[in-house]
Amino acid sequence: MKITAFGASYSRTSINRQWAEYVSVQIPGDHSLRVLDLNDYDLPVYTVERQNEIGIPASVGQFVDELNAADLIVVSFAEYNGTYTAGFKNLFDWASRHQLKMFENKPMILLAAAPGPRGGATVLQTAVERFPRHGARVIGSMALPRFKEVFHAEDGLVDPELRKELDALIASATAQI
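Remember, it's a predicted structure, so these values are computed and weren't measured experimentally.

K.L.:
Residue-level account of the nonpolar core, with values.
P.N.:
By size, the foremost hydrophobic cluster in this structure holds 32 residues, and its most contacted members are Phe6, Phe63, Phe77, Phe88, Phe103 and Phe131. Contributing elements (two or more residues each) for this core: β1 (2-8), α3 (58-69), β3 (72-77), α4 (86-98), β4 (107-113) and α5 (121-130). It is α4 that contributes the most residues to this core, five residues altogether. Residues in contact with Phe131, not counting those within four places in the same chain, are Phe77, Tyr84, Phe88, Phe92, Phe103, Met108, Leu110 and Ala136.

K.L.:
Break down the pairing of β3 for me, with residues and values.
P.N.:
Each regular strand displays side chains that alternate between the two surfaces of the sheet. Most of β3 sits inside the fold, with six of its six residues counted as buried. By the bridge criterion, six bridges tie β1 to β3 in an arrangement that is parallel. Pairing of Ala8 across the sheet is with Phe77, part of β3. Summarising the sheet, β3 and β4 pair through five bridges and their orientation is parallel. Bridging from a neighbouring strand, Phe77 pairs with Ala112 of β4. Read from β3 through α4 to β4, the crossover connection turns out right-handed.

K.L.:
Any details on the packing of helix α1 (residues 15-26) against helix α7 (residues 160-176)? Residues and values, ideally.
P.N.:
The N-to-C vectors of α1 and α7 enclose an angle of 60 degrees; their axes lie 10 Å apart at closest approach. The angle between α1 and α7 places the two elements in the oblique class. With respect to the hand of their crossing, α1 and α7 are arranged in right-handed fashion. Every residue of α7 that contacts α1 at Trp19, Tyr22, Val23 and Gln26 is listed here: Arg163, Leu166 and Ile170. Of the residues belonging to the contact of α1 with α7, the class tally is five nonpolar, one polar and one charged.

Parameters at a glance
Residue numbering note: each chain is counted from 1, following its sequence as written. With the structure being a predicted model, the display of local features is reserved for residues of pLDDT at least 70 and the display and counting of side-chain atom pairs for 80 or more, all residues being used for whole-chain, interface and lining totals. As a rule here, side-chain values cover all heavy atoms of the structure and leave hydrogens and water aside. Only buried Ala, Val, Leu, Ile, Met, Phe, Trp, Tyr and Cys residues count toward a nonpolar core, and they belong to the same one when joined by side-chain atoms within 4.5 Å. Accessibility here uses a 1.4 Å probe with only protein chains present; expressed as a share of the type maximum, an area under 20% marks a residue as buried, one over 50% as exposed, and anything in between as partly exposed. A run of DSSP states H or I qualifies as a helix once it reaches four residues; a run of E qualifies as a strand once it reaches two. Both are numbered from the N-terminal end. Contacts were defined at the residue level, with two residues in contact if any of their heavy atoms lie within 4.5 Å. Strands were regarded as paired on the criterion that DSSP finds at least two bridges between them. By convention, a crossover is right-handed whenever its connection, traced from the first strand over the helix to the second and viewed with the strands pointing away, goes clockwise. For helices, the axis comes from a line fit to the C-alpha atoms of the stretch in contact; other axes are also lines fit to C-alpha atoms, and the angle between any two N-to-C directions lies between 0 and 180 degrees. For classification, angles of less than 35 degrees are called roughly parallel, those exceeding 145 degrees roughly antiparallel, those between 65 and 115 degrees roughly perpendicular, and all remaining angles oblique. In a left-handed crossing the near helix is turned counterclockwise from the far helix by less than a right angle, and in a right-handed crossing that turn is clockwise. Note on residue classes: Ala, Val, Leu, Ile, Met, Phe, Trp, Tyr, Cys and Pro are nonpolar, Asp, Glu, Lys and Arg are charged, and everything else, Gly too, is polar.

Below, the structure is given as structure tokens:
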């Protein structure tokens, strides 16, 4: 199985990229993992006029190709003012112009992580509701609050209750793949 994971942020030190990669590694079985860095998809701000002028940039097609090559997609969202980061939203807008149903009925685990007590729950709920319109088959979701307190680079998820929640998510998602 091919897993593609990414943090929906252009931050070079993205906690959401760390969280998406960590969750992907927890999935049992034989699989390969490709972790995308959204900085590889540098794009102008989307407008219809710009699309008419320059067409769809090649990097958008490359991003969609990465999604299409996956058997499972794991995405973790950073929350900026209650929604997607501007950079990810721009990539998402371009990608939806390239291929509206970009997720092609692929199973997806949607996540969010934040330093605050809600863990990006608002953006996560937005994605859970929105992504099926673009072909996603959401098989699980989880927000991780208080990231710096509950997740350590060397030990992973250290909070026992959140670990139980993650284990239940992985078990449920695995059964649906």
